Amino acid sequence: MSPSVFNFSDAKERFTSATRIALDSKTSKTLINAFNQTPGTETEKKTTLDQAFRSVLEEEIIQRKASCEDFLGLIYLSIDGVTEGICSATTPFLLLGDVLDCLPLDQCDKIFSFVEENVSTWKSNSFYSAGKNYLLRMCNDLLRRLSKSQNTVFCGRIQLFLARLFPLSEKSGLNLQSQFNLENITVFNKNEQESTLGQKESFIKGSHSLSSCLQHPEERDDGMEVEEGEMGDEEAPTTFIKKQASLKIQSGPEKSSIPIDYNLYRKFWTLQDYFRNPLQCYEKYSWLTFLKYSDETLSVFKSYKLDDMQVSKKKLEELKTTGGENVYFAKFLTSEKLMDLQLSDSNFRRHILLQYLILFQYMKGQVKFKSSSCVLTDEQSLWMEDTTKLIYQLLKEIPPDGDKFASVVEHILNTEENWNTWKNEGCPSFVKERPAETKPIRPARKRPAPEDFLGKGPDRKIFMGNDELTRLWNLNLDNMEACKSERREFMPSLEEFFEDAIEQADPVNMVEDEYKAVNNSNYGWRALRLLARRSPHFFQPTNQQFKSLPEYLENMVIKLAKELPPPSEEIKTGEEDDDNDDPLLKESNESPEEQQQKPVTGQQLDAIASKLGEEWKSLAHHLEMKETDIHEIESDSEDVKMRAKLLLVAWQDREGSHAIVENLVSALNSAGFSDLADSLSEL
């Protein structure tokens, strides 16, 4: 009797009904029985069961409008299916993604709680490798839907979940190069003519209008609109504004205890640009501006203590007990009318002072990818030390629990130094490998010394089994010393190689772009390889973007021209003297057979590449290059000569010691380039 043939429609219908029964009974036994009784291979049945799970979920969402518990029951069922080996390991993650895409944010919160609770399941061997990318994509989709100001807690839960899911040594979630979020721009009023600061009557009127606005929101005055601190958000955390405004209004429409004018307002919010991009502090003019604005801001914090402005501890207790968790949000409010309220708030002051400490830690710390020009002067270091002591003193004086908060901040920043050191070391794994079991080493038999069978003295000769190898080996008594000779150094120095390019880059010489060496593709290729070996600028990160290789080389030539000494007046007449004096190049008369066995030189590759041009692909197949290598060469360069050069270099790297003239000549002849093969033998 022949075995039953697998039928997708029948199997899907059977699995769908079994899934519904298992969902109602909250057990996977029915599903396992249906899987075992269905004919077909295991792969076919797993794929069909995956489709059945998603079909049931789709019907639950569209038709029955099930609750979150029903969705979670289906996901639990798929997890049991993975454990029992009847469905794919990616099925639970696909179901989670479908559910989160179709539900509103309030229900997504409940589903994500289930994801957080089962983090140990996702990290197990059965699920981690198959689902880590799905979970990462799912979390990123959720973050795009959430508002950083209104859903701050939810966003933080997602980030903490990812931190628990991936190991500490996972580099995909690290800011390895210490880049800054330069898009985080704080917007404030930069036009002094539009400022309302310094006008007593307008301030008193604004306080009364704010009070009436809080009591009668439907009659809100248009003049008290809250300005946004950062671009793009339309949601404002009004709870914090109401609390701070109520504290201010309780004291009556008296004059502010802190003398706030437009200059203080402008200087205070200008400091946010330095916190956003600390690299500005290494510039002389920007540092002087930062120094001046910081001294004025910190003097205000020092002169006007919160203890003097807060009437009693009772108000502090009210702040702590009436929803104090709502004072934490991600955006600054830069309205001039809120300036006095913000400076009177303990959390706001702590936020600003903590920004100073983080900035100082970066500027004084050792960061691997920091530019070599980012060096502090002695005056800057001394000012930072004094200011750090002042900031910690101010943090201790801010109620409530100032001493405790300052000590916690100092401990966290000290711990951060360990993370910076770990990143500078290349993020090594925290898991230490167990040392291999040491076994007793058997004493090796002592081999006879070479002098015992090769002879001693200056006239000894070592036979290598081949006349040519014997001749080469015995050219020098000490071959290692001969290899260390300065005459064996064929890599040019930066001064020699870029001498012409530096001279052409000088505007005084008036060399047109088309005649510059940096526009030559062969020159560019050799320049990149030389820069990678000898120049410290090659691997240095930069924010400057280059559209082409000549543009990048032009920039590097300008840098080298400033660092390298001016070229000497000596005129080189050629390299024939160097070649003639090399003792290892004696007896250079070689037969054609010997020349065919020599490795292909870079000069020969350049000559063949320039003549091949657009026909380089014809030669690629005869050099047995893979299609993937050919596509990679096409994507690396648009210049046909450069593609031909890349092809020959790739062949040379692959063949190694077998990349000899004879093999290349054979490939050229078989490809129909007999004239190139003849010219190669003559080079």
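Worth saying up front: this structure is predicted, and the values here are computed from it rather than measured.

A. Region of interest: the overall build of the protein chain. A tally of regular secondary structure across the protein chain gives 34 helices and 0 strands. Across the 683 residues in the protein chain, those meeting the buried criterion constitute 37%. The long-range fraction of contacts in the protein chain, counting pairs at least 24 apart against all pairs at least 6 apart in sequence, stands at 73%. Within the structure as shown, the protein chain displays about 43400 Å² of accessible surface, and the carbon and sulfur contribution to it stands at 50%.

B. The arrangement of the pattern of salt bridges in detail. A full pass over the atoms with the stated rule returns 14 salt bridges. Between Glu554 and Lys516 there is a salt bridge whose closest N-O contact spans 3.5 Å. Of the two residues, Glu554 sits in helix H26 (residues 549-563) while Lys516 sits in the loop between helix H24 (499-505) and helix H25 (521-534), which places them 38 residues apart along the sequence. A residue is classified by how much of its surface remains accessible, and Lys516, at 12% relative accessible area, is buried. Connected via shared salt-bridge partners are Arg20, Glu59 and Glu60.

C. Fine view of the packing of aromatic side chains. Throughout the structure, instances matching the rule amount to 29 aromatic pairs. Above the face of the Tyr134 ring, Arg137 is positioned so that its terminal group lies 5.5 Å from the ring centre. In this structure, Arg350 is placed above the aromatic ring of Phe405, and the distance from its NZ or CZ to the ring centre is 4.4 Å.

D. Geometry of the nonpolar core. Counting residues in hydrophobic clusters, the biggest one holds 50 residues, and the most contacted among them are Leu49, Val115, Trp122 and Phe161. For this core, the element with the highest residue contribution is helix H4 (residues 68-84), accounting for 8 residues. Of all hydrophobic cores here, the second largest spans 46 residues; its members include Phe188, Phe275, Phe290 and Met339.

E. Quick peek at unusual backbone geometry. Residue Pro400 follows Pro399 across a cis peptide bond; omega there is -5 degrees. A positive phi angle is found at Cys427, which is not glycine, with a value near 55 degrees. Inspection of the secondary structure assignment puts Cys427 in the loop between helix H19 (402-424) and helix H20 (450-454). Of note in the backbone geometry, Glu624 takes a positive phi value of approximately 60 degrees without being a glycine.

F. Representation of empty space enclosed by the protein. This structure, assessed with the given rule, holds 5 cavities of 30 Å³ or more. Leu176, Ser178, Gln366, Val367, Lys368, Phe369, Asn420, Lys423 and Asn424 are the residues that line the largest cavity. Of the residues that constitute the lining of the largest cavity, the class distribution is 3 nonpolar, 4 polar and 2 charged.

G. Structural detail: a negative patch on the surface. On the surface, a cluster of negative charge is contributed by Glu499, Asp500, Glu503 and Asp506. Mapped onto the secondary structure, Asp500 falls in helix H24.

H. A look at the environment of Phe180. Relative to the helices and strands, Phe180 is located in the loop between helix H9 (152-165) and helix H10 (200-215). For Phe180 and Leu279, which are 99 residues apart along the polypeptide, the C-alpha to C-alpha distance reads 9.6 Å.

I. Here's a closer look at the packing of helix H12 (residues 262-276) against helix H13 (residues 284-303). Two elements in contact, H12 and H13, have axes separated by 9 Å at closest approach and are oriented at 125 degrees. Judged on the interaxial angle alone, H13 and H12 are oblique. In this structure, H12 meets H13 at a crossing whose hand is left-handed. Listed contacts from H13 to Leu264, Arg266, Lys267, Phe268, Thr270, Leu271, Tyr274 and Phe275 of H12 are Ser286, Thr289, Phe290, Lys292, Tyr293, Ser294, Glu296, Thr297, Val300 and Phe301.

Cut-off values and rules
Residues numbered from 1 in each chain as written. Predicted model: local features only at pLDDT ≥ 70, side-chain atom pairs only at ≥ 80, totals over all residues. Heavy atoms only, no water. Helix = DSSP H or I, 4+ residues; strand = E, 2+ residues; numbered from the N terminus. Buried < 20%, exposed > 50% of the residue type's maximum accessible area, 1.4 Å probe, protein only. Contact = heavy atoms within 4.5 Å. Areas by Shrake-Rupley, 256 points an atom, 1.4 Å probe, with all protein chains shown as cover. Salt bridge = Lys/Arg side-chain N within 4 Å of Asp/Glu carboxyl O. Phe/Tyr/Trp six-rings, centres within 6.5 Å; stacked < 30°, edge-to-face > 60°. Lys NZ or Arg CZ within 6 Å of the ring centre and 35° of its normal. Core = buried A, V, L, I, M, F, W, Y, C linked by side-chain atoms within 4.5 Å. 1 Å grid on protein atoms, 1.4 Å probe; cavity = no way out; pocket = protein on both sides within 12 Å on 5 of 7 lines; lining within 4 Å. Points joined across faces, edges and corners; volume = space filled by probe spheres on them. Nonpolar A, V, L, I, M, F, W, Y, C, P; charged D, E, K, R; others polar. Patch = residues over 30% accessible without salt bridge, like charges linked within 9 Å, V, L, I, M, F, W, Y side chains within 5 Å. Lys, Arg positive; Asp, Glu negative; His and termini not counted. Charge placed at Lys NZ, Arg CZ, Asp CG, Glu CD. Axes fitted to C-alpha atoms, helices over the stretch in contact; angles between N-to-C directions. Parallel < 35°, antiparallel > 145°, perpendicular 65-115°, else oblique. Left-handed = near helix turned anticlockwise from the far one by under 90°.

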